[in-house]
Amino acid sequence: MFRHLSEPRDGWRKTVKEQGLVWAETDRPDGTKTPYWNEAAMYEFSEAEVAELETATEALTEMCHAVVRHVLAGGPSMLAQFALPLRAFDYIKASYEGHEPSIYGRFDLSYDGLTPPKMLEFNGDTPTGLLETSVIQWYWLRDVMPSTDQWNSVHERLVAAWKKVGRPRIHFAHLGEE
């Protein structure tokens, strides 16, 4: 894996905002801004590294399913360990046991290309990352290095997932604060 410095595009803030990434920068407590989207560096992976990451995410996905099975077997009181409200148990159980399709989830990994990837966290509730990964990165690549490709099949996988769901309507749940 190689980290390459990159010159940000002229007017990148305006460009990514027009593409829908309205949080390209985050506000710090001291009033300054920190870039959320950062064009100052890019990463290059070998095919072997991509394969290693894919294998790791498949294994991690199964581990996450094992945790869900463990929680369901332990009953509603298990949800407290995950800071989830007890009222969510029946929804989780029905969704998992009903084999409801999953559209989105993201692993945040620590990976240096030398040691195996390690999971930092799993985000199943931040679909805003889809915009960054399926749209903003693609247009950045097209603008900066149009003759190259990227290891990113988010767009294609989303299209396939929506086709697999095959429902005219989909529901998103938000339990809110207790």
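Scroll up to find the structure this text is about.
Residues numbered from 1 in each chain as written. Predicted model: local features only at pLDDT ≥ 70, side-chain atom pairs only at ≥ 80, totals over all residues. Heavy atoms only, no water.

## Here's the deal with a nonpolar patch on the surface
A surface patch of nonpolar side chains, amounting to about 240 Å² of accessible area, comprises Val67, Phe82 and Leu84. Residue position: Val67 is located in helix H2 (residues 47-74). (Patch = residues over 30% accessible without salt bridge, like charges linked within 9 Å, V, L, I, M, F, W, Y side chains within 5 Å. Areas by Shrake-Rupley, 256 points an atom, 1.4 Å probe, with all protein chains shown as cover. Salt bridge = Lys/Arg side-chain N within 4 Å of Asp/Glu carboxyl O. Helix = DSSP H or I, 4+ residues; strand = E, 2+ residues; numbered from the N terminus.)

## Remarks on unusual backbone geometry
With a phi angle near 55°, Ala83 is a residue other than glycine that sits in the positive phi range. Along the polypeptide, Ala83 turns up in the loop between H2 and helix H3 (89-97). Despite not being glycine, His99 has its phi angle at roughly 55°, a positive value. By the secondary structure assignment, His99 is in the loop between H3 and strand S5 (106-110). Classification of His99 as exposed rests on a relative accessible area of 69%. (Buried < 20%, exposed > 50% of the residue type's maximum accessible area, 1.4 Å probe, protein only.)

## As for helix H5 (residues 154-165)
With 12 residues, H5 should cover 16 Å at 1.5 Å per step; its first-to-last C-alpha distance of 16 Å lies within 8% of that length. Buried within H5 we find Leu158, Ala161 and Val165. Considered in projection along H5, the buried side chains sweep an arc of 65° and stay on one side of the axis. Counted as exposed and oriented over 90 degrees from the buried face of H5: Glu156, Lys163 and Lys164. Two residues or fewer after H5 comes Gly166, characterised by a positive phi angle close to 55°. (Expected span 1.5 Å × (residues − 1). Arc of directions from axis to C-beta.)

## What about the packing of aromatic side chains?
Counted according to the given criterion, the structure contains 1 aromatic pair. Measuring from ring centre to ring centre gives 5.0 Å for Phe107 and Phe122, while their planes differ by 55°; the resulting arrangement is tilted. One end of the pair, Phe107, is in strand S5; the other, Phe122, is in strand S6 (residues 118-123), with 15 residues separating them in the sequence. Phe122 gets classed as partly exposed once you look at its relative accessible area, which sits at 39%. (Phe/Tyr/Trp six-rings, centres within 6.5 Å; stacked < 30°, edge-to-face > 60°.)

## Here we look at the side chain of Glu132
In this structure, Glu132 sits in helix H4 (residues 128-144). Filtering out sequence-adjacent residues up to four positions away, Glu132 remains in contact with Tyr36, Trp37 and Gln137. (Contact = heavy atoms within 4.5 Å.)

## Some remarks on the pattern of salt bridges
Inspection of every chain in the model, using the stated rule, returns 6 salt bridges. Its salt-bridge partner being Lys14, residue Glu18 comes within 2.5 Å of it at the nearest N-O pair. Of this pair, Glu18 and Lys14 are both found in helix H1 (residues 12-18), 4 residues apart, which corresponds to roughly one turn of the helix. By the burial criterion, Glu18 is exposed, and Lys14 matches it. With a shortest N-O distance of 2.6 Å, Asp27 and Lys33 are connected by a salt bridge. By relative accessible area, which is 58% here, Asp27 ends up exposed. Of the residues examined, Lys33 reaches a relative accessible area of 48% and is grouped as partly exposed. Put simply, Arg9, Glu39 and Asp143 are held in one network by salt bridges that share partners.

## Observations concerning the nonpolar core
If you look at the biggest cluster of nonpolar residues, it comprises 9 residues: Trp12, Val16, Leu21, Ala24, Trp37, Met42, Ile136, Trp140 and Leu141. Elements with a contribution of two residues or more to this core: H1 and H4. The element contributing the most residues to this core is H4, with 3 residues. Non-local contacts of Trp12, meaning those with residues more than four positions away in its chain, are made with Ala24, Pro35, Trp37 and Glu39. With 6 residues, the next largest nonpolar core counts Met78, Leu79, Ala88 and Phe89 among its residues. (Core = buried A, V, L, I, M, F, W, Y, C linked by side-chain atoms within 4.5 Å.)

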